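Geometric and topological summary
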Amino acid sequence: MKQLLLDITETGHPSLENFVPEKNNAELLHALKELAAGQQQDRFYYIWGEAGSGKSHLLQAVTNAFSQQQCIATYIDCNQTNPFSLGTDIDCISIDNVEQLNDSAQIQLFNLYNRMREKGQGIFLASGLAPPAQLSLRQDLATRLGWGLVYQVYSLTDEKKIEVMKNHAMQRGFELPWEICSYLLKHERRDLPSLIRLVDALDQFSLIKQRPVTLPLLRELLQSTLPSGSSADH
């Protein structure tokens, strides 16, 4: 049963279609959809926002979109890979969490940016927790990150997250009590993909246990099968 529930909570592939935007993110989402469709002339993008706002989802979604078009596309999370090395031929590169780059990796990214700019081809995306000028990076690198299009990713409000969770539950055929939504927002990862995966796991756990979806059932699920906060931050 534990393995079944862990399988259920595996994330699907992030896409621009399954990203739930806050209303202020409409322009950014439109720009990235046009980029993935080859309808954007701009090649350099930097997006920033607080943890859980959806930056990683968007970068992975664009990378996946280019990969599906048989392009050479790479996503790198600087929280996990630091430093990194890349070939010269690449159609799309997404660098997530740039504030985590060490000194040598910053030089690598600076050189990569310059090569792509001089070569005149390839899409470059990066993300961080702050605007380029406020990053604790080499000044020359921070300056270049600000040369392209810069967008802020706005987080969904708690009310919107609850609305999305409850609507998702209804689509699966059950009603999700408000107290469960509130508990998840207080005690688990607050990014929407993590919350949705837990709602899916709770639904399946309810079916396995043949018990209604309640807060005690959620606590039993979290304590017996899933480590708290195990979902990835996107």
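To keep things clear, this report deals only with the structure shown in the data block.

Attention now goes to the overall build of the protein chain. The helix and strand inventory of the protein chain stands at nine helices and five strands. Secondary structure elements of the protein chain occur, N-terminal to C-terminal, as α-α-β-α-β-β-α-β-α-β-α-α-α-α. Buried residues in the protein chain amount to 49% of all 234 residues. Summed over its atoms, the accessible surface of the protein chain is roughly 11800 Å², and 47% of this surface lies on carbon and sulfur atoms.

Strand-to-strand pairing in sheets goes through backbone hydrogen bonds, with the strands running parallel or antiparallel. Strand order in the open sheet formed by five strands is β2-β3-β4-β1-β5, with parallel pairing between adjacent strands. The open sheet has two free edges, formed respectively by β2 (73-77) and β5 (149-152), since each of these has just one partner strand. Taking the axes of each pair of neighbouring strands and ignoring which way they run, one obtains an average angle of 15° across the sheet. When β2 meets strand β3 (residues 92-96), the two strands line up parallel, connected through five bridges. By the bridge assignment, Y75 is partnered in β3 with S94. Sitting on the sheet, helix α3 (residues 55-68) touches β1 (44-48), β2, β3 and β4 (123-128), and the angle it makes with β2 is about 160°. Across the sheet, helix α4 (residues 103-119) lies against β1, β3 and β4, angled at about 150° from β4, the strand it touches most.

Assignment of secondary structure puts K55 in helix α3. Looking at K55, its side chain comes within polar contact range of the main-chain oxygen of E50, at 3.2 Å.

Glancing now at helix α9 (residues 215-224). Since the α-helix advances by 3.6 residues per turn, residues separated by three or four positions end up pointing in the same direction. Those residues of α9 that fall on the buried side of the exposure criterion are L215, L217, L218, L221 and L222. One side of α9 holds all its buried residues, which, seen down the axis, span an arc of 160°. Turned more than 90 degrees from where α9 packs its buried face, P216 and Q223 sit exposed.

It is worth spelling out the packing of aromatic side chains at this point. Applying the stated rule across the entire model yields four aromatic pairs. Look at Y113 and F124: their rings are 5.1 Å apart centre to centre, the planes differ by 75°, and that puts the pair in the edge-to-face class. Of this pair, Y113 sits in helix α4 while F124 sits in strand β4, placing them eleven residues apart in sequence. Owing to a relative accessible area of 1%, F124 belongs among the buried residues under this scheme. Measuring from ring centre to ring centre gives 6.3 Å for Y113 and W147, while their planes differ by 65°; the resulting arrangement is edge-to-face. Here Y113 is found in helix α4, whereas its partner W147 is found in the loop between α5 (139-145) and β5, with 34 residues between them in sequence. The ring of F110 carries R138 above its face, with NZ or CZ at 5.6 Å from the centroid.

Moving on: the pattern of salt bridges. In total, this model carries eight salt bridges according to the counting rule given. For K119, the salt bridge is made with D89, and the minimal N-O distance between the two is 2.9 Å. With a gap of 30 residues between them, K119 in helix α4 and D89 in the loop between β2 and β3 connect regions that are remote in the sequence. Since its relative accessible area comes to 53%, D89 is described here as exposed. With a closest N to O distance of 2.5 Å, D158 and R190 form a salt bridge. Of this pair, D158 sits in helix α6 (residues 158-172) while R190 sits in the loop between α7 (178-187) and α8 (192-209); the two residues are 32 residues apart in sequence, bridging distant segments of the chain. Residue class for D158 comes out partly exposed when judged on its relative accessible area of 29%.

Reading guide: rules and limits
- Residues numbered from 1 in each chain as written.
- Predicted model: local features only at pLDDT ≥ 70, side-chain atom pairs only at ≥ 80, totals over all residues.
- Heavy atoms only, no water.
- Helix = DSSP H or I, 4+ residues; strand = E, 2+ residues; numbered from the N terminus.
- Buried < 20%, exposed > 50% of the residue type's maximum accessible area, 1.4 Å probe, protein only.
- Areas by Shrake-Rupley, 256 points an atom, 1.4 Å probe, with all protein chains shown as cover.
- Pairing = 2+ DSSP bridges.
- Axes fitted to C-alpha atoms, helices over the stretch in contact; angles between N-to-C directions.
- Contact = heavy atoms within 4.5 Å.
- Polar contact = N/O pair within 3.5 Å; in protein donor to acceptor, adjacent residues only side chain to side chain.
- Arc of directions from axis to C-beta.
- Phe/Tyr/Trp six-rings, centres within 6.5 Å; stacked < 30°, edge-to-face > 60°.
- Lys NZ or Arg CZ within 6 Å of the ring centre and 35° of its normal.
- Salt bridge = Lys/Arg side-chain N within 4 Å of Asp/Glu carboxyl O.

Distances and angles like these do not, on their own, reveal function.
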